[in-house]
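# Chain and residue survey
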Amino acid sequence: MRERAEREAVRVAEALVFASAEPVSETFIAERLPRGMDVGAIMRQLKAEYAPRGVNLVQVDDYWAFRTAADLSFAIRRDETEVRKLSRAALEILAIIAYHQPVTRAEIEEIRGVQTSRGTLDVLMEAGWVRFRGRRRTPGRPVTLGTTRDFLDHFGLEELRDLPGLDELKGAGLLSGRIPANFSIPLPLTDDDLSEDEDPITQLDLEELGLLTPGGEPDE
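These numbers were taken from a predicted model, which means no experiment stands behind them.

## A look at the sheet that holds strand β2 (residues 55–60)
What the three strands build is an open sheet, ordered β1-β3-β2; its pairing is antiparallel. Each end of this open sheet is capped by a strand with a single partner; those strands are β1 (24–25) and β2. Bridge analysis of β1 against strand β3 (residues 63–68) gives two bridges, and the strand direction is antiparallel. What sits directly across from Ser25, in β3, is Tyr63. Against the sheet, helix α1 (residues 2–19) makes contact with β1, β2 and β3, and its axis sits at roughly 70° relative to β3, the strand it touches most. Each of β2 and β3 touches helix α3 (residues 39–50); the most contacted strand, β2, lies at about 145° to it.

Below is the structure:
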């Protein structure tokens, strides 16, 4: 009976993820499985079953989604829309936010050595890869930036710790061979919890940032 119940739970979990256009949270899945089921173990079993197939079950943070197997991407044609490539500035800013989050606009400019245009940040936010996290507890209370779950999903990462490290970046030819001896890559945060020097974004903050009209609802 236990084995039958677990198998039925696997089928339910499979159906829930398959039917959703967006990654599905483990919490959502757990609420729809019989009480006492180990949702983590069930998802890992389902992931293993799909591993050799053309469609894989992938984990994005604590969410799950079906995605085309990475080695079959060459066979997938996308004629409907041509994806616009990010500018070099946008890629640099995205990398800084990913590795240094939570980070402010001033800190991004300090790392890059040049000013950051609002338009470049807007592009990253419209793509759904960057978001406002909170406000730094420093004079001026600057807004902090971080990446989103869509960022992880798009780049095939389960969590931020899966971002490539120094050796991987060197191997991919993305770093010069003449980098300083003391050069290092920061270890990204693993969760969305606010840091000790951050306050949460409030409704007044959203109004100030132009994301909420006075007394209105947040923009999607």
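## Regarding the packing of aromatic side chains
Summed over the entire model, instances satisfying the criterion amount to three aromatic pairs. Summarising the aromatic geometry, the rings of Tyr50 and Phe66 are spaced 4.8 Å apart at their centres and angled 55° between planes, so their arrangement reads as tilted. Taken as a pair, Tyr50 in helix α3 and Phe66 in strand β3 lie far apart in primary sequence, 16 residues in all. The buried category is assigned to Phe66, whose relative accessible area is 14%. Ring pairs connect the aromatic residues Trp129, Phe151 and Phe155, which therefore count as one cluster. Positioned over the ring face of Phe28 is Arg32, at 3.5 Å from the centre of the ring. The aromatic ring of Tyr63 is capped on one face by Arg149, whose charged end is 3.7 Å from the ring centroid.

## Details of helix α4 (residues 88–100)
The terminal C-alpha atoms of α4 lie 18 Å apart, and with 13 residues this matches the ideal 18 Å at 1.5 Å per residue to within 8%. Where α4 is concerned, the buried positions are Ala90, Ile93, Leu94, Ile96, Ile97, Ala98 and Tyr99.

Thresholds, definitions, all that
- Residues numbered from 1 in each chain as written.
- Predicted model: local features only at pLDDT ≥ 70, side-chain atom pairs only at ≥ 80, totals over all residues.
- Heavy atoms only, no water.
- Pairing = 2+ DSSP bridges.
- Helix = DSSP H or I, 4+ residues; strand = E, 2+ residues; numbered from the N terminus.
- Contact = heavy atoms within 4.5 Å.
- Axes fitted to C-alpha atoms, helices over the stretch in contact; angles between N-to-C directions.
- Phe/Tyr/Trp six-rings, centres within 6.5 Å; stacked < 30°, edge-to-face > 60°.
- Buried < 20%, exposed > 50% of the residue type's maximum accessible area, 1.4 Å probe, protein only.
- Lys NZ or Arg CZ within 6 Å of the ring centre and 35° of its normal.
- Expected span 1.5 Å × (residues − 1).

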